[in-house]
Amino acid sequence: MIILFATGAMSTAFGQTNSFRSLLERGDNASISEAFKKLSPSERLSWLSEYRSSSAYRPGSETGASGGGAMADYSSLLQLIQNTIDGNWLANGGTSTLTPFPNGVRVSTKGVMERVSASIEASQSLAWRDHDRPRLDSLGQWQTASDLRWVSLHALDRQFQRSKSQGTRPNVSMELLGGLCRIDYLAFDMATKEWLLGGPAGDLILHESGGLVHRQLGLPPVLLEDLLVVAHHIFRRGGDFGCTIDPDRDRLTRAYSMASTPESQRSLRRSPDRWVEDWRRALGPQRAIVKGIPRDSPTGLALLAADAHMKRLGIGLEALPAPARSYWQETELLRQRIDSGLVRWWFTLSNERIAMDPERQLYAFPKSNVIVQSEAQFINGLGERVVAPTPDLAADAFARNFNLHFDAIQKAYPVHGRLRHIFDLSVAMEIVHHEIEAGNGTPFSCLDDSSIQPRLSVPPREIESIATTYRATDGTTFAVVSGGVTISLNSVRKNLRVDPMVTNPVVVRSGSNEAPQSYEPPADSSSKPKLDEPFWRD
């Protein structure tokens with residue numbers, strides 16, 4: 001990919017680049033790079049969408065995505081933003097970095113999921129205050145803050161179809177679904193026969209840990225790449241999907257046998273930190289398995305990343321926002337100790353009712369469609385993992401409090417915000433699929449197309465074992481964690497309930513009767529970037 005250096009001088013006149021569009025059309029990478037050096041940061045950002053959707057764009061392989069054609073790729077978009085705006089970036093010899101892995105993980109060439117953490121210097125330099133945080137206002141009209149934006153899935157589908165036919169990538173507004181940062185509503189517009197997603201949007205900023213988030217909510221944008229994976233899976237009747245992170249059975253049995261010897265117990269008391277590292281090596285890496293959806297999809301990696309991070313929060317390897325408590329803190333509070341515990345925590349779909357209006361044109365989503373569930377297990381004499389005869393109260397309490405404080409956890413760690421979006425998209429597309437089959441709305445041309453599914457260059461296969469020790473007041477104990485993510489949509493339609501109070505004037509007023517969103521058609525002059533054609537309305 002070409003590097004759009006962000007350290008060049010500010011341009012004195014935008015007219016210096018009056019042939020920039022012709023450079024994009026010719027794919028003259030060297031000239032494009034030189035032209036970008038002459039632009040101010042806001043001018044670079046205003047051209048970003050058009051550049052990304054042009055044939056001149058060449059995404060790099062370092063993002064871990066295979067790229068190409070009309071495929072969506074959020075990781076390469078982040079890197080392009082990094083290389084476009086001014087900043088003390090590592091790529092230009094500085095100390096700051098936006099990780100090109102927005103889930104906080106990367107996958108090695110051997111398929112091992114590895115955690116990515118910024119250096120101390122980078123973390124400090126990225127601890128921006130609002131007044132000195134790099135501005136992204138020039139990315140497009142979709143960046144305008146909106147408390148309720150309606151994104152038309154059918155208009156998005158039409159734009160994607162055009163992009164695919166031209167062999168270009170989606171523009172930035174498509175990649176980020178018009179800046180939508182939370183799905184509060186699903187609506188059907190009777191006049192246009194289109195399905196829409198509604199929620200707060202715009203006002204995205206760079207998060208200090210990497211990626212884009214809503215300034216107030218702390219939630220990342222809903223991603224086109226996740227919509228493509230989910231829609232294709234549901235419209236092809238793919239059934240349940242998700243992931244599992246579980247230890248290898250044979251290695252787990254050997255590790256538990258090792259831990260039960262008298263010498264091992266003495267070693268644990270003498271040096272718990274050294275012991276747990278030896279025990280982790282005996283346990284080996286855990287298997288990272290994506291189920292239902294392609295194992296090389298970025299959505300599958302996002303599920304694995306959120307699941308692994310939840311478990312790290314649970315056993316105290318990452319800090320939880322107060323007043324949520326880790327598993328070890330819960331054991332002290334409840335005065336319950338489970339030696340050599342095997343805890344299973346997993347994400348699953350909430351059973352919360354989804355309210356809808358009597359005409360089935362508006363669906364109001366609950367606070368969250370995702371919850372954590374818990375189960376205590378142990379290793380029997382045959383080396384099998386079985387459900388424990390008594391519950392692990394601390395494990396159950398962690399799951400309850402994680403669900404109770406999920407909003408705060410999402411704000412602290414955007415990886416869980418993306419997980420929420422995947423669940424919400426799954427629920428929305430299950431409803432849309434059922435309604436389109438019933439004749440409410442037209443089928444999509446592109447959103448469920450198997451040929452444009454985003455792909456990782458290397459699928460995840462393993463992750464380091466999630467296990468730790470804790471020196472409790474009455475001794476030292478240890479635990480290993482397993483689990484995963486299960487999205488089963490069988491109960492979605494059963495959870496729908498009519499509520500006459502569910503209505504919204506923005507939805508009732510049809511898009512066909514509203515003044516169209518301001519849109520400027522491409523100008524003849526090549527000195528002005530095109531505006532993204534809106535597929536949304538506020």
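A few points on the structure.

Analysis parameters
- Along each chain, residue indices are assigned from 1 in the same order as the chain's sequence is written.
- The model is predicted, so local features are restricted to residues of pLDDT at least 70 and side-chain atom pairs to those at 80 or more, both for listing and for counting; the totals for chains, interfaces and linings are taken over all residues.
- In computing side-chain values, all of the structure's heavy atoms are included and hydrogens and water are not.
- Think of a patch as exposed residues, more than 30% relative accessible area, with no salt bridge, where like charges cluster within 9 Å and nonpolar side chains (Val, Leu, Ile, Met, Phe, Trp, Tyr) cluster within 5 Å.
- Areas reported here follow the Shrake-Rupley algorithm with a probe of radius 1.4 Å; residue values treat only the protein chains shown as occluding.
- Whenever Lys or Arg places a side-chain nitrogen within 4 Å of a carboxyl oxygen from Asp or Glu, that contact is recorded as a salt bridge.
- A helix here means a DSSP run of H or I that spans at least four residues, while a strand means a run of E at least two residues long, and both kinds are numbered starting from the N terminus.
- Burial status follows relative accessibility: with a 1.4 Å probe on protein chains alone, a residue under 20% of its type maximum counts as buried, one over 50% as exposed, and anything between as partly exposed.
- Any pair of residues with heavy atoms lying within 4.5 Å of one another is described as a contacting pair.
- Ring pairs shown here join Phe, Tyr and Trp side chains whose ring centres sit within 6.5 Å, with only the six-membered ring taken for Trp; geometry is labelled stacked below 30 degrees between planes, edge-to-face above 60, and tilted in between.
- Between any two strands, pairing holds if DSSP finds at least two bridges.
- Orientation is described by axes fitted as lines to C-alpha atoms, over the contacting stretch for helices, and by angles from 0 to 180 degrees between their N-to-C directions.

### Let's talk about a nonpolar patch on the surface
In step 1: Taken together, the side chains of Leu333, Leu334 and Leu393 make up a nonpolar region of the molecular surface, amounting to roughly 270 Å² of accessible area.
In step 2: Tracing the backbone shows Leu333 in helix 13 (residues 327–334).
In step 3: Residue class for Leu333 comes out exposed when judged on its relative accessible area of 53%.

### Some details on the side chain of Asp449
In step 1: Mapped onto the secondary structure, Asp449 falls in the loop between helix 16 (414–437) and strand 15 (462–463).
In step 2: Accessibility expressed as a relative area gives 14% for Asp449, which makes it buried.
In step 3: When neighbours within four sequence positions are excluded, Asp449 is seen to be in contact with Lys164, His232 and Arg236.

### Quick notes on unusual backbone geometry
Leaving glycine aside, a negative phi is the common case for residues, and trans is the common case for peptide bonds.
In step 1: Cis geometry marks the peptide bond from Ala322 to Pro323; its omega dihedral reads 10 degrees.
In step 2: Even without being glycine, Leu177 reaches a positive phi, approximately 45 degrees.
In step 3: With respect to the helices, strands and loops of the structure, Leu177 is situated in the loop between helix 7 (172–175) and strand 4 (185–189).

### Topic: the pattern of salt bridges
In step 1: Tallied over the full model, the rule gives 21 salt bridges.
In step 2: Between Arg215 and Asp203 there is a salt bridge; the shortest N-O distance is 3.1 Å. Highlighted residues: Arg215 in the loop between strand 7 (212–214) and helix 8 (224–235) and Asp203 in the loop between strand 5 (194–201) and strand 6 (204–206), separated in sequence by 12 residues.
In step 3: For Arg215, a relative accessible area of 21% corresponds to the partly exposed category.
In step 4: Residues joined in a network through salt bridges with shared partners are Lys367, Asp407, Arg420 and Asp424.

### Here we look at the packing of aromatic side chains
In step 1: Under the counting rule described, the total for this entry stands at 11 aromatic pairs.
In step 2: Where Trp195 meets Tyr363, the ring centres are 6.3 Å apart and the plane angle is 40 degrees; that geometry is what we call tilted. Taken together, the positions of Trp195 in strand 5 and Tyr363 in strand 12 (residues 362–364) put the pair 168 residues apart, joining distant regions of the chain.
In step 3: We classify Trp195 as buried; its relative accessible area is 0%.
In step 4: Between the aromatic rings of Trp345 and Phe398, the centroid separation amounts to 4.5 Å while the plane-to-plane angle is 50 degrees, which identifies the pairing as tilted.

### A few points about the sheet that holds strand 11 (residues 354–356)
In step 1: Spatially, 18-11-12-4-5-3-19 is the arrangement adopted by the 7 strands of the open sheet, whose pairing is mixed. Since the sheet does not close on itself, it has two edges, and those belong to strand 18 (496–498) and strand 19 (536–537), each with one partner.
In step 2: Pairing geometry for strand 11 and strand 18, over 3 bridges, is parallel. Bridge pairing in strand 18 places Met356 opposite Val498.
In step 3: With respect to the sheet, helix 6 (residues 153–166) is in contact with strand 3 (146–152) and strand 5, its orientation differing from that of strand 5 by roughly 100 degrees.
In step 4: Across the face of the sheet, helix 16 comes into contact with strand 4, strand 5, strand 11, strand 12 and strand 18 while running at roughly 160 degrees to strand 5.

### A word on the side chain of Ser108
In step 1: By the element assignment, Ser108 lies in the loop between strand 1 (105–107) and strand 2 (112–115).
In step 2: Relative accessible area serves as the criterion here: at 16%, Ser108 is assigned to the buried category.

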